[in-house]
Amino acid sequence: DTGVSQNPRHKITKRGQNVTFRCDPISEHNRLYWYRQTLGQGPEFLTYFQNEAQLEKSRLLSDRFSAERPKGSFSTLEIQRTEQGDSAMYLCASSLANTGAGGYTFGSGTRLTVV
Amino acid sequence: AQSVTQLDSQVPVFEEAPVELRCNYSSSVSVYLFWYVQYPNQGLQLLLKYLSGSTLVESINGFEAEFNKSQTSFHLRKPSVHISDTAEYFCAVSPSSGYSTLTFGKGTMLLVSP
């Protein structure tokens, strides 16, 4: 098991462009979470899936953000019309449903820089 | 809703000295508590967690934290730090039932110098 994998590790994009990140969770984990970490802050919850169902979305997830988890395996997070304020580290985590927050494994993150 | 306050943004300490990183939380429901560590350009690694039982929890690398319900605190301590402990440390809280999302503090940067 290679843990939670996130790609790309780094992404630089121009303001107004669309970007997509991918997260591959630990294979047997049915829950998948997205968090955002801006400079000098702790991670903030964005959304989570149980299998393919998106069960909760934070108010931070504006309509420019969309996340999917087709077939309950990998997940993608897309940001449309990026803004400089979107610059952050985007973290993915996975867990089994019966372990909840006590069983998270985080990926190494995707660092987005919007110029 | 939950919130976490980490009172120190940065803690400088000399190698082999003891250290305490402070964490206070607020919640209207019972919670689980966590400390995560983040090394530069890496993701978060779970250091230790309190779910139930003994209020003193330990990690494999010498850190410990004590859950104090009356003071709503979960301070992290280590009796003797190493250079390799230099990292950012995040305290986090999650409801003990229902949704399993984490609420993090802003982090404390532990700087260990020789």
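Residues numbered from 1 in each chain as written. Chains lettered and ligands numbered in written order. Predicted model: local features only at pLDDT ≥ 70, side-chain atom pairs only at ≥ 80, totals over all residues. Heavy atoms only, no water.

Caption draft 1: Examining the state of the cysteines more closely. All names here are of chain B. Going through the model one piece at a time under the given rule, you end up with 2 disulfides over all chains. Sulfur-sulfur distance for the disulfide between C23 and C91 comes to 1.9 Å. Since a negative S-S torsion denotes a left-handed disulfide, the C23-C91 link at about -65° is left-handed. Here C23 is found in the loop between strand 3 (19-21) and strand 4 (24-27), whereas its partner C91 is found in strand 10 (residues 87-95), with 68 residues between them in sequence. Residue class for C23 comes out buried when judged on its relative accessible area of 0%. Classification of C91 as buried rests on a relative accessible area of 0%. (Disulfide = S-S within 2.5 Å. Helix = DSSP H or I, 4+ residues; strand = E, 2+ residues; numbered from the N terminus. Buried < 20%, exposed > 50% of the residue type's maximum accessible area, 1.4 Å probe, protein only.)

Caption draft 2: Local environment of the sheet that holds strand 7 (residues 65-68) of chain A. Residues and elements named next belong to chain A. With antiparallel pairing, 4 strands are arranged side by side in an open sheet as 1-3-8-7. Looking at which strands have only one partner, the edges of the open sheet turn out to be strand 1 (5-7) and strand 7. Ignoring strand direction, the axes of neighbouring strands in this sheet form an average angle of 15°. Judged from the 4 bridges that link them, strand 7 and strand 8 (residues 75-79) form a sheet pairing that is antiparallel. Considered in strand 8, the bridge of E68 is made with T76. (Pairing = 2+ DSSP bridges. Axes fitted to C-alpha atoms, helices over the stretch in contact; angles between N-to-C directions.)

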